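Spelled out, the chains give:
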Amino acid sequence: MEDVQVVAMLVRRCIAGDSAAWEEIVQTYNRRIYNICYRFAGSGDDAEDLTQEVFIKMYRTLSSYDPSKGAFVTWVTTITRNLLVDHFRKTKQDRMTDSIDSTVSEHEDAQPLSEQIQDQSAPPDTHVRHREVSETVHAALAKLSPELREAVILRDLQDMDYREIATVLKVPEGTVKSRINRGRAELGRLLQRTYRQVM
Amino acid sequence: MPEHTNNGMQCNEFDALLTDALDGVLNGTELERFQAHAGSCKACGPLLVEVEAGRNWLKGLTEVEPPANLVANILASTTGVDTQRLRVTARVPQPRVSWLEHVQATISGYLEPIWATVRQPRFAMSFGMAFFALSVGLTVAGVKPADLRQISLRPTAIRHTYYATQARVVHYYENVRVVYELQAAVRRIKRNAEPAEPGRKQNRPGKQINERNDTTQQPEQKQERNYSQTENHLVLASAHVGPCLKSCDLPVVSVTTYRRMV
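Predicted model only: the values in this text are computed from it and were never measured.

Caption draft 1: View of the environment of Ile33 of chain A. Residues and elements named next belong to chain A. Within the secondary structure, Ile33 sits in helix 2 (residues 19-41). It is 7.4 Å that separates the C-alpha atoms of Ile33 and Thr77, two residues lying 44 residues apart in sequence. The contact partners of Ile33, leaving out residues within four places of it in the chain, are Thr51, Val54, Phe55, Met58, Val76 and Thr80.

In structure tokens form, the structure reads like this:
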């Protein structure tokens, strides 16, 4: 994904105060970080705020990045994951009051997950159906525990290898694989009940 | 996970190979054993189906598009400079602004917060009431807006207006009954207090001395005494003594004259 030498040069320019280099880093990684945040936090607004926080932290700690210890994308993902965990801990109390009938999607007209599960009528448009499916999977993903969620997001949505995920999560590779399996299985069970006919 | 052995493979071994199997990196004998265990184990078979389904659902999720202003917000919050905006403003040629517009923009920059406050309904109502009270007051005082048009702003006219207004105010003030009565009472009190003052002057010798030396005062009675009344000269009226007069007996007139003694 990244050329180590190019990224290292970019980081050095940033540290030297080159704003163009920093803008290049932001342009390169904002999409990836925003998607991780969106899938983990579940809300577009939260994802936007968290993405900004990630870049602020990156900007402040850029000098601590050591290319010899790992890829820049791993370092960036680690910062993102740590902030997401902090965010999860801060908002844990709020989420405990949520019920399954709460609207998880950011769209105002989106139905609660329980209604989405019951509504199996044929959608008029394939695009609309695809959007509904995506929202349902996104809502189901939010039901996973944070440990399982982060593992499947990094593996199946960000295509990171097990070693990188182990570095980011600071757990052994075996644990990473186990979490990925459990996360996928739980998601599969939840969505199997929802889309029994499709499956 | 239960520790069952099917086809030479335990369930925990199956669990460990699950990710590799789904990634397609298992081959040969290991793959055969894995597939055999999945087919025969009642726990691992459904697990494989669920895991595979979950992975497929996740792979079906597409990337979401970040908000359009995300990069600009990030740059603004990190470097403090909105580079995109700067680039846009750098490309667009700035229109020429006259000094009058510049002054207007500067003034409006200061007045805008005040104006924004004034525009609030609660303040607007207060200003409305103040304007109403002012207009009623001016009407009662006899000030007409039409008169304002005829006001001359020449210095002499302004001075004249000032003195005329001052005279009107003093005249009005002195004609107020309460003021008049007060002034009359003060005058009465002063008049009553006046007779006590000459007595006090006689009791002060120093004052008498000063008064004696005061040359601007009227001449004292002593000085008047210099005019002697003691010398009464009898002046006979002389007349041309003719022969007839000599023979006639004329009456003698006594005349008293006052001469000042030098």
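Caption draft 2: Structural view of the pattern of salt bridges. Considering all chains together, one arrives at 13 salt bridges over all chains under this definition. Of the charged contacts, one joins Asp18 of chain A and Arg13 of chain A as a salt bridge, the two residues approaching to 2.9 Å between their closest N and O atoms. Assessed through its relative accessible area of 31%, Arg13 of chain A is described here as partly exposed. With its nearest N and O atoms 2.8 Å apart, the salt bridge here joins Arg31 of chain A to Glu63 of chain B. In this pair, Arg31 of chain A is assigned in helix 2 and Glu63 of chain B in the loop between helix 3 (44-59) and helix 4 (70-78), connecting two distinct chains. Each of Arg31 of chain A together with Glu63 and Glu65 of chain B takes part in salt bridges that share partners, so that together they form one network.

Caption draft 3: Geometry of helix 4 of chain B. Listing the buried residues of helix 4 of chain B in full gives Leu70, Val71, Ala72, Ile74, Leu75 and Thr78 of chain B. Looking at the residues trailing helix 4 of chain B, positive phi occurs at Gly80 of chain B, about 80°.

Caption draft 4: Quick look at the interface of chain B and chain A. In this assembly, 36 residues from chain B lie in contact with 39 residues from chain A. Three residues, Trp57, Leu58 and Leu61 of chain B, lead the burial of chain B against chain A; their summed loss comes to 21% of the area buried on that side. The tally of links from chain B across to chain A stands at six salt bridges. Residue Asp23 of chain B pairs with Arg155 of chain A through a salt bridge whose shortest N-O separation is 3.2 Å. At the boundary of chain B and chain A, one finds 10 residue pairs in polar contact (both at pLDDT 80 or more). Examining the composition of the side of chain B that touches chain A, we find that 10 residues originate from one element, helix 3 of chain B, more than from any other.

Caption draft 5: View of the packing of aromatic side chains. Residues and elements named next belong to chain A. Across all of its chains, the model carries 10 aromatic pairs over all chains by this definition. An angle of 10° between the planes, with centres 6.3 Å apart, marks the rings of Tyr34 and Tyr38 as stacked. Of the two residues, Tyr34 and Tyr38 are both situated in helix 2; the distance of four residues between them amounts to about one turn of the helix. Accessibility classification places Tyr34 together with Tyr38 in one group, the buried group. Members of the aromatic cluster, each reached through a chain of ring pairs, are Tyr29, Tyr65, Phe72 and Trp75. When the ring centre of Tyr162 is taken as reference, the NZ or CZ atom of Arg155 above it lies at 4.4 Å.

Caption draft 6: Geometry of the side chain of Thr51 of chain A. For Thr51 of chain A, the position within the fold is in helix 3 (residues 44-61). What makes Thr51 of chain A buried here is its relative accessible area of 0%. At 2.5 Å, the side chain of Thr51 of chain A forms a polar contact with the backbone oxygen of Ala47 of chain A. The residues touching Thr51 of chain A, leaving out its near neighbours within four places in the chain, are Asn30, Ile33, Tyr34 and Cys37 of chain A together with Leu70 and Ile74 of chain B.

Caption draft 7: Geometry of the packing of helix 4 (residues 72-90) of chain A against helix 9 (residues 162-169) of chain A. Residue and element names in this part refer to chain A. At their nearest, the axes of helix 4 and helix 9 sit 9 Å apart, and the two run at 45° to each other. As the angle between them shows, helix 4 and helix 9 are arranged oblique. Once helix 4 is placed against helix 9, the crossing between them reads as right-handed. For the pair formed by helix 4 and helix 9, the contact residues are Thr74, Thr77, Thr78 and Arg81 on the first element and Glu164, Thr167, Val168 and Leu169 on the second. Of the residues contributing to the contact of helix 4 with helix 9, the split by class is two nonpolar, four polar and two charged.

What counts, and where the lines are drawn
Once a new chain begins, its residue numbering starts again from 1 and follows that chain's sequence as written. Note on labels: chains are lettered from A, ligands numbered from 1, in written order. For this predicted model, a pLDDT threshold of at least 70 governs which residues receive local features, and a threshold of 80 or more governs which side-chain atom pairs are given and counted, while totals over whole chains, interfaces and linings are taken from all residues. No hydrogens and no water enter the side-chain calculation; it runs on all heavy atoms of the structure. Helix and strand assignments come from DSSP, with helices taken as H or I runs of at least 4 residues and strands as E runs of at least 2, each series counted from the N terminus. Working rule for contacts: check all heavy atoms of both residues, and any pair within 4.5 Å makes them a contact. Any carboxyl oxygen of Asp or Glu that lies within 4 Å of a side-chain nitrogen of Lys or Arg is treated as forming a salt bridge with it. Relative accessibility decides the category of a residue: with a 1.4 Å probe and only protein chains considered, values under 20% of the type maximum give buried, values over 50% give exposed, and everything between is partly exposed. When two parts are put together, the accessible area they lose, computed with a 1.4 Å probe and summed over both, is reported as buried area. Polar contact is the term for a pair of N or O atoms within 3.5 Å; when the atoms are in protein, one must be able to donate a hydrogen and the other to accept it, and sequence-neighboring residues count only if both atoms are side-chain atoms. Any Phe, Tyr or Trp ring, taking Trp's six-membered ring, that has another such ring centre within 6.5 Å forms a pair; planes under 30 degrees apart are called stacked, those over 60 apart edge-to-face, and the others tilted. Placement of a charge over a ring requires the Lys NZ or Arg CZ to be within 6 Å of the ring centre, with the centre-to-atom vector within 35 degrees of the ring normal. Axis angles are defined between N-to-C directions and span 0 to 180 degrees, where every axis is a line fitted to C-alpha atoms and, for a helix, only to the segment in contact. In this scheme, roughly parallel covers angles under 35 degrees and roughly antiparallel covers those over 145, while 65 to 115 is roughly perpendicular and the rest are oblique. Crossings are classed by handedness, with left-handed meaning an anticlockwise turn of the near helix from the far one by less than a right angle and right-handed meaning a clockwise turn. Classification convention: Asp, Glu, Lys, Arg as charged; Ala, Val, Leu, Ile, Met, Phe, Trp, Tyr, Cys, Pro as nonpolar; all other residues, Gly among them, as polar.

Shape is all these values report; function is a separate question.
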